[in-house]
Amino acid sequence: MDSSPESVTADEALRLVVDESRALLDSGPGRVIVGITGPPGTGKSTFARRIVERAAAVASYVPMDGFHLSNAQLDRLGRRSRKGAPDTFDVDGYVAALTRIAADHGIRDVYVPDFDRTLEEPVAAGRVVPADARLVVTEGNYLGLWEGVPALLDRLYYLDTEPAVRRARLLARHVAGGRGDAEAQDWVETVDFSNAALIAAARDRCDRILEVVEPQSL
């Protein structure tokens, strides 16, 4: 695979991934699973939803965030202050869900958890992958890092953007979620950007690296 970064606008990235997803769908009758990974703040959730909206009539979205450990479990493990780090997720549960999604096309619905950003908690069976869904788009920080995940995906894209853009988005997200300005800034620097350095190590495992840039003004 060619892991050279490609500079694209958000619309160009969307067209590229949608076109490749449609080509995969046209190549056979089976289910196609596309993964979107990259550091926090790149807009992976919005990007994944837009793919689902455009690529197929019967498609489904599976966020990795639904597999966060609950706050109660994070407190028990002493990891609440590091929420969002790789070991604060139910990795085995996520792999098991993807395995079922890959195997159960046309057989049965697969229920997966969602994540409520207001509660900052996972919600069991918050989403469903219908049995007839041909395209499934999953996204999350660690798809390229966790063993067993890339092999379950037909395509894995690494989505990135400028650090300043990611920082601004993350600060706004944390403040909206109830953190004060100082606490939000500390979380971005010590948790989000620390995790981003880990995630970058998975770039070479991805089929394409899409670095989203703002379109040039004339």
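Owing to the predicted nature of the structure, the values given are computational and were not obtained by experimental measurement. (Residues numbered from 1 in each chain as written. Predicted model: local features only at pLDDT ≥ 70, side-chain atom pairs only at ≥ 80, totals over all residues. Heavy atoms only, no water.)

Enquirer: Explain the overall build of the protein chain here, please?
Expert: Counting secondary structure elements, the protein chain contains 6 helices and 8 strands. When the helices and strands of the protein chain are read in sequence order from the N terminus, they spell out β-α-β-α-β-α-α-β-β-β-β-α-α-β. Computed over C-alpha atoms, the radius of gyration of the protein chain comes to 17 Å, within 12% of the 17 Å expected from 2.2 N^0.38 for 218 residues, which places it in the range of a compact globule. Taken over the C-alpha atoms alone, the protein chain extends approximately 50 × 50 × 25 Å along its principal axes. The buried share among the 218 residues of the protein chain stands at 44%. Looking at the protein chain alone, contacts between residues at least 24 apart form 76% of all its contacts between residues at least 6 apart. Here the protein chain contributes 26 positive and 34 negative side-chain charges, whose respective centroids are spaced 2 Å apart. (Helix = DSSP H or I, 4+ residues; strand = E, 2+ residues; numbered from the N terminus. Rg over C-alpha atoms; globule rule 2.2 N^0.38 Å. Buried < 20%, exposed > 50% of the residue type's maximum accessible area, 1.4 Å probe, protein only. Contact = heavy atoms within 4.5 Å. Lys, Arg positive; Asp, Glu negative; His and termini not counted. Charge placed at Lys NZ, Arg CZ, Asp CG, Glu CD.)

Enquirer: Could you clarify how one ought to interpret the nonpolar core in this entry?
Expert: Where a protein is soluble and globular, its nonpolar side chains tend to be buried together. Formed by 24 residues in total, the largest nonpolar core has its most connected members in Tyr94 and Ile101. Elements with a minimum of two residues in this core: α4 (91-103), β4 (110-116) and β7 (155-160). At 4 residues, α4 tops the list of elements feeding residues into this core. Beyond its immediate stretch of four places on either side in the chain, tyrosine 94 contacts Met64, Phe67, Thr138, Leu143, Trp146 and Val149. Grouped together as the second largest cluster of nonpolar side chains are 23 residues, Leu24, Val32, Leu159 and Leu210 included. (Core = buried A, V, L, I, M, F, W, Y, C linked by side-chain atoms within 4.5 Å.)

Enquirer: It is not clear to me how the packing of helix α1 (residues 10-26) against helix α2 (residues 44-55) should be interpreted in this structure. Could you clarify?
Expert: The geometry of a pair of packed helices is captured by two quantities: the angle between their axes and the separation between those axes. Running from N to C, α1 and α2 point in directions that differ by 50°, and their axes come no closer than 10 Å. Considered as vectors, α1 and α2 are oriented oblique to each other. Here α1 runs over α2; the crossing is right-handed. Only Phe47, Arg50, Ile51, Arg54 and Ala55 of α2 make contact with α1, whose side of the interface consists of Ala10, Asp11, Ala13, Leu14, Val17, Val18, Ser21, Arg22 and Leu25. Grouping the constituent residues of the contact of α1 with α2 by class yields 9 nonpolar, 1 polar and 4 charged. (Axes fitted to C-alpha atoms, helices over the stretch in contact; angles between N-to-C directions. Parallel < 35°, antiparallel > 145°, perpendicular 65-115°, else oblique. Left-handed = near helix turned anticlockwise from the far one by under 90°. Nonpolar A, V, L, I, M, F, W, Y, C, P; charged D, E, K, R; others polar.)

Enquirer: Help me understand the sheet that holds β7, please; the structure alone is not making it clear to me.
Expert: The strands making up a sheet are joined through hydrogen bonds of the backbone, oriented either antiparallel or parallel. Read from one edge of the open sheet, 6 strands run β1-β8-β7-β2-β6-β3, paired in parallel fashion. The open sheet has two edge strands with one neighbour each: β1 (5-8) and β3 (59-63). Across this sheet, the average inter-strand angle for adjacent strands is 25°, counted without regard to direction. Bridge count between β7 and strand β8 (residues 208-212): 4 bridges; the pairing is parallel. Note on β8: the bridge partner recorded for aspartate 160 is glutamate 211. Docked against the sheet, α1 engages β1, β2 (32-37), β6 (135-139), β7 and β8, running at close to 155° with respect to β8. (Pairing = 2+ DSSP bridges.)

Enquirer: Can you help me understand the UniProt feature "domain: Phosphoribulokinase/uridine kinase" (unreviewed entry) in the protein chain in this one?
Expert: In this numbering, the UniProt entry assigns the feature "domain: Phosphoribulokinase/uridine kinase" (unreviewed entry) to residues 33-212. Within residues 33-212, the helical portion is 37% and the strand portion 23%, while the C-alpha atoms at the span's ends are 22 Å from each other. (UniProt positions renumbered as here; feature names shortened; annotations may be inferred.)

Enquirer: Explain the pattern of salt bridges to me, please; I cannot follow it from the model alone.
Expert: For side chains of opposite charge, pairing can occur when their charged atoms come near one another. Taken as a whole and assessed by the stated rule, the structure comprises 16 salt bridges. In this structure, glutamate 6 and arginine 208 form a salt bridge, with 2.8 Å as the shortest nitrogen-oxygen distance. One end of the pair, glutamate 6, is in strand β1; the other, arginine 208, is in strand β8, and 202 residues separate them in sequence. A relative accessible area of 23% means that arginine 208 is categorised as partly exposed. With a shortest N-O distance of 3.0 Å, arginine 80 and aspartate 75 are connected by a salt bridge. You can call arginine 80 partly exposed: its relative accessible area is 37%. Through salt bridges with shared partners, a single ionic network connects Asp160, Arg166, Arg203 and Glu211. (Salt bridge = Lys/Arg side-chain N within 4 Å of Asp/Glu carboxyl O.)

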